[in-house]
Amino acid sequence: KSVKKGFEFTLMVVGESGLGKSTLINSLFLTDLYPERIIPGAAEKIERTVQIEASTVEIEERGVKLRLTVVDTPGYGDAINCRDCFKTIISYIDEQFERYLHDESGLNRRHIIDNRVHCCFYFISPFGHGLKPLDVEFMKAIHNKVNIVPVIAKADTLSLKERERLKKRILDEIEEHGIKIYHLPDAESDEDEDFKEQTRLLKASIPFCVVGSNQLIEAKGKKVRGRLYPWGVVEVENPEHNDFLKLRTMLITHMQDLQEVTQDLHYENFRSERLKRGGRLPSHAYVFLKDFSMPSFQLRRMQEMIARMQAQMQMQMQSGEGDSNAVHGHHV
Amino acid sequence: RRRAELPRPGNEEKRSLALGGHVGFDSLPDQLVSKSVTQGFSFNILCVGETGIGKSTLMNTLFNTTFETEEASHYESAVRLRPRTYDLQESNVHLKLTIVDAVGFGDQINKDESYRPIVEYIDTQFENYLQEELKIRRSLFNYHDTRIHVCLYFITPTGHSLKSLDLVTMKKLDSKVNIIPIIAKADTISKSELHKFKIKIMSELVSNGVQIYQFPTDDEAVAEINSVMNAHLPFAVVGSTEEVKVGNKLVRARQYPWGVVQVENESHCDFVKLREMLIRVNMEDLREQTHTRHYELYRRCKLEEMGFKDTDPDSQPFSLQETYETKRKEFLGELQRKEEEMRQMFVNKVKETEAELKEKERELHEKFEHLKRIHQEEKKKVEEKRKELDDEMNAFNRRKVAVETLQSQSLQATSQQPLKKDKDKKK
């Protein structure tokens, strides 16, 4: 049923201009999400504000449909004074939560569209020594609202030793500043060894150092996606060259988990804060919201049960007698 | 009194003469070289670029040595300039090299004021030189010239264009220092991307009126190579102090899984071009331009600010001495005037305060008089009342005496004829 319905996923991409975001996104999804992009010059960037640009594509692979929304944030980090850089981004994330909250509390909930941001790729510059003040401020402002996956693109500027050093430095700084990034869950004990090993490798490689490209280059007799230099060819899908494959694997195999964490953690945070604050919600929402401490899945099941009971009652009234088995046979 | 007209150079006719034999003044250039070598040279480089972009590594690579620096932090609250001076020697030539780092550049969230400490540092070095030049007893030949001869501006290899900070900063610096823009960490840009990037950068600089240093093409000896190099700007460089074996040689390079980037390989990057231009061909021109163009501009602006002029209204050249005297008189006059003003103000203030005090005193005195009068009136009233009371008391006493006398009289009378009284009563 899920396969038929298709998956929805919203990925937000944040980082200074020129760090390789667009190239990476195009490489990940093997498509061109930015066909007619205009990149502003330095003069226009001096006072540039941050925009939100969401583009949705429907991708299909072996019968599995994915409705992917990529939310781009052009202008981030461009202006000389980036003081107000993230207000727009945070508002956007909150708006999606607000909309979902509204829809969820509505009467007709069959077609709730989930536009909440499930994952945010935050691009860190590979040219520095670690996190910059803007990086720290931004991640701290959103780490309770969205799953942060730190990414280092244009990794072909780092030698292997420099890469390890930068990764370690960034992880240390993330811990030092109390930034909460997305943690891959450990593999279940009943999974096979290969999967467990893969998960261990993925966890050990964060933050991922990647190189993006959709150009086909001839290397070692075959055509590969990569970047051509006078001194050699960087292969995007070569695990010895960069972590691109790891990033892609992580994203695909954890898409579901990213959505769940968004739902169970970030959304619930938003919701409880929001309801504590008060404000307008459809009044019938409060019928079900007496106990704020009830976990969401219990709440949802109760709502489903009530809906089913209502439907049954309808049927009973219509058919006169009604089949009592229909009520008892349900799993509660 | 007219000043004697001195023969001005250029007014006379030049006459060429042929020499009959070898005189020996063809050794002048050698003498100059020898003297310069003995004196030693100083060269000052300012490095501006994001933290971590490779400034220190490039300096190490250019001068084939290790200048001690620790890795800079991204958390400086403001840009600060850090000059370090080193004594280098090659053959018998001494170079006093100063490398100035703009620490913290590009790290703050608000970069509005980032350019300011840099401009202030450059101006301070000019000011110091100017002060030395204007001294009565000066030793310019001995003076350690700290003026910045070249600013290497490190551009981040985004592949798009300049950053807003780059544009704003270079615009503030271009009239004060020779700027050579370079693309740092250029081993992340492919050949085709690099070509586009260079064009974009140069066109942005031109369209925003930023003047960068042009390698001089007026000297025949270097005109050709310089004009070729000018076309390669900005130089795309890669720095490294590590050595990698390539073939059977150890070369300075960066080792990657996919290949080795050789620093001194001209098809890999423009490092060699930068070294040629900066050190081997144009170092002296950079020093000269700093002195004759940037410093002169600073000096002129500063002196004009102070009120100096080159010619008076009659177009007679001013002597600096006369101007000094005039300025001094003006200044002293101004000082005196101010002093007088202050004194006057003080006197006025004192008068004012005195007047105030007098007024207060008068008021107080009035009040006192008023109170005294009231007091006297009250006292009079009290006296009157007392008199009244006394009179009343006296009247009362007289009546009392009168009544007592009557009583005693009637008592006597009744004791003598008590019955009569009763009889009278009964009647």
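Bear in mind the structure is a predicted one, so any value in this text is a computation, not a measurement.

Visitor: Explanation requested: the overall build of chain A in the structure shown.
Guide: The secondary structure content of chain A amounts to 11 helices and 9 strands. Of all 332 residues assigned to chain A, the portion counted as buried reaches 48%. Long-range contacts, defined here as pairs at least 24 residues apart, represent 68% of the contacts in chain A between residues at least 6 apart. For chain A, the accessible surface area stands at approximately 18000 Å², while carbon and sulfur atoms represent 51% of it.

Visitor: Can you help me understand the sheet that holds strand E3 (residues 64-72) of chain A in this one?
Guide: Sheets are built from strands paired through backbone hydrogen bonds, the pairs being either parallel or antiparallel. Residue and element names in this part refer to chain A. The strand order across the open sheet built from 6 strands is E2-E3-E1-E4-E5-E6, with neighbouring strands paired in mixed fashion. The strands lining the two open edges of the sheet, one partner per strand, are strand E2 (53-61) and strand E6 (208-209). Strand direction decides the pairing type here: strand E1 (residues 7-14) and E3, joined by 7 bridges, are parallel. Looking at E3, one finds that Met-12 is bridged to Val-71. In this fold helix H4 (residues 87-104) packs onto E1, E2 and E3, with an angle of close to 165 degrees to the strand it touches most, E1. Across the face of the sheet, helix H5 (residues 133-142) comes into contact with E1, strand E4 (119-124) and strand E5 (148-152) while running at roughly 170 degrees to E4.

Visitor: What should I look at first to understand unusual backbone geometry in this one?
Guide: Outside of glycine, negative phi angles account for most residues, and trans bonds account for most peptide bonds. Residue and element names in this part refer to chain A. A cis amide bond links Ile-206 with the next residue in sequence, Pro-207, at an omega value of 0 degrees. Its location among the elements puts Pro-207 in the loop between helix H7 (193-205) and E6. Located in the positive-phi region is Lys-154, a residue other than glycine, with phi close to 55 degrees. Considering the arrangement of structural elements, one finds Lys-154 in the loop between E5 and helix H6 (160-176). Classification of Lys-154 as buried rests on a relative accessible area of 18%. Even without a glycine there, the phi angle at Lys-220 is positive, about 50 degrees. Note that Lys-220 resides in the loop between strand E7 (216-219) and strand E8 (222-229). On the basis of relative accessibility, which here comes to 69%, the residue Lys-220 falls in the exposed class.

Visitor: Help me out: how do you make sense of the UniProt feature "domain: Septin-type G" (unreviewed entry) in chain B in this one?
Guide: As recorded in UniProt, the sites labelled "domain: Septin-type G" (unreviewed entry) are residues 39-305 of chain B. Across residues 39-305 of chain B, the secondary structure splits into 38% helix and 22% strand, with the terminal C-alpha atoms separated by 34 Å.

Visitor: How should the pattern of salt bridges be read in this particular structure?
Guide: Where charged atoms from two side chains of opposite charge approach closely, those side chains can pair. Under the defined criterion, the tally for this structure stands at 50 salt bridges over all chains. Across the pair Arg-116 of chain B and Glu-113 of chain B runs a salt bridge, and its minimum N-O distance is 2.5 Å. Under the relative-accessibility criterion, Arg-116 of chain B is labelled partly exposed at 37%. Look at Glu-113 of chain B and you get partly exposed, because its relative accessible area is 45%. In the salt-bridge network here, residues are joined through shared partners; they are Glu-16 and Lys-132 of chain A together with Glu-50 and Lys-163 of chain B.

Visitor: For this particular structure, what's the right way to read the pairing of strand E5 (residues 179-183) of chain B?
Guide: Consecutive residues of a regular strand have side chains that alternate between opposite faces of the sheet. Residue and element names in this part refer to chain B. Judged by how many residues are buried, E5 sits mostly within the fold: 5 of 5 residues are covered. On E5, burial covers both faces: Ile-179, Pro-181 and Ile-183 on one face and Ile-180 and Ile-182 on the other are all buried. Pairing between strand E4 (residues 150-155) and E5: 5 bridges, direction parallel. Each bridged residue has a counterpart across the sheet, and for Leu-152 the counterpart in E5 is Ile-180.

Visitor: What am I meant to see in the nonpolar core here?
Guide: A general trend in soluble globular proteins is that nonpolar side chains are found buried together. Counting residues in each nonpolar core, the largest one holds 153 residues, and the members touching the most others are Phe-121 of chain A together with Ile-118, Ile-180 and Leu-274 of chain B. For this core, the element with the most residues is helix H3 (residues 115-134) of chain B, which contributes 8 residues. Those residues within four positions of Ile-118 of chain B in sequence are excluded, and the remaining contacts are Leu-46, Val-48, Val-79, Leu-81, Ala-102, Phe-105, Thr-169 and Leu-173 of chain B.

Visitor: How should the packing of H4 of chain A against helix H9 (residues 255-277) of chain A be read in this particular structure?
Guide: The angle between the axes and the distance between the axes are what describe a pair of packed helices. Residues and elements named next belong to chain A. The interhelical angle for the contact between H4 and H9, taken along N-to-C directions, is 85 degrees, at an axis separation of 10 Å. As judged from the angle between their axes, H4 and H9 are roughly perpendicular. Side by side, H4 and H9 meet where Asp-94, Phe-97, Glu-98, Tyr-100, Leu-101 and Glu-104 of the first sit next to Thr-262, Gln-263, His-266, Tyr-267, Phe-270, Arg-271 and Arg-274 of the second.

Visitor: Quick question: what am I supposed to make of the environment of Phe-138 of chain A here?
Guide: Residue and element names in this part refer to chain A. Looking at where Phe-138 falls in the secondary structure, it is placed in helix H5. C-alpha separation for the pair Phe-138 and Lys-87, spaced 51 residues apart in sequence, amounts to 9.7 Å. Not counting residues up to four positions away in its chain, the partners in contact with Phe-138 are Val-14, Tyr-76, Phe-86, Ile-89 and Tyr-122.

Visitor: Explain the interface of chain A and chain B here, please?
Guide: In many reports, interface size means the accessible area that the parts give up when they come together. With 51 residues of chain A at the contact, the number on the chain B side is 45 residues. With both chains or domains summed, chain A and chain B bury close to 3900 Å², and 55% of this area falls on carbon and sulfur atoms. Counting the surface chain A buries against chain B, the share from its top three residues, Ile-80, Phe-127 and Trp-231 of chain A, is 22%. Viewed at the interface, chain B and chain A are joined by 6 salt bridges. Put simply, Lys-163 of chain B and Glu-16 of chain A hold a salt bridge, and the shortest N to O gap is 3.1 Å.

Visitor: Is there a simple way to explain the confidence of the model for chain B in this structure?
Guide: Close reading of the predicted structure is inappropriate where its pLDDT is low. Per-residue pLDDT for chain B averages 89, and the proportion of residues at 70 or more is 91%. Overall fold confidence for the complex sits at a pTM of 0.76, while the interface term, ipTM, reaches 0.80.

Visitor: Can you help me understand the sheet that holds E8 of chain A in this one?
Guide: Residue and element names in this part refer to chain A. Pairing within the open sheet is antiparallel, and its 3 strands lie in the order E7-E8-E9. Strands at the two margins of the open sheet, each flanked by one partner only, are E7 and strand E9 (232-235). Adjacent strand axes in the sheet meet at a mean angle of 70 degrees, parallel and antiparallel pairs treated alike.

Visitor: Could you clarify how one ought to interpret the UniProt feature "site: Important for dimerization" (unreviewed entry) in chain A in this entry?
Guide: Under the UniProt annotation, the feature "site: Important for dimerization" (unreviewed entry) is placed at Phe-127 of chain A. When you line up the elements, Phe-127 of chain A lands in the loop between E4 and H5. By relative accessible area, Phe-127 of chain A is classed as buried at 1%. Apart from the residues lying within four places of it in its own chain, the contact partners of Phe-127 of chain A are Lys-154 and Thr-157 of chain A together with Thr-51, Gly-52, Ile-53, Thr-156, Pro-157, Lys-185 and Thr-188 of chain B.

Conventions used here
Residues numbered from 1 in each chain as written. Chains lettered and ligands numbered in written order. Predicted model: local features only at pLDDT ≥ 70, side-chain atom pairs only at ≥ 80, totals over all residues. Heavy atoms only, no water. Helix = DSSP H or I, 4+ residues; strand = E, 2+ residues; numbered from the N terminus. Buried < 20%, exposed > 50% of the residue type's maximum accessible area, 1.4 Å probe, protein only. Contact = heavy atoms within 4.5 Å. Areas by Shrake-Rupley, 256 points an atom, 1.4 Å probe, with all protein chains shown as cover. Pairing = 2+ DSSP bridges. Axes fitted to C-alpha atoms, helices over the stretch in contact; angles between N-to-C directions. UniProt positions renumbered as here; feature names shortened; annotations may be inferred. Salt bridge = Lys/Arg side-chain N within 4 Å of Asp/Glu carboxyl O. Core = buried A, V, L, I, M, F, W, Y, C linked by side-chain atoms within 4.5 Å. Parallel < 35°, antiparallel > 145°, perpendicular 65-115°, else oblique. Buried area = accessible area lost by both parts, 1.4 Å probe. pLDDT = per-residue confidence, 0-100.

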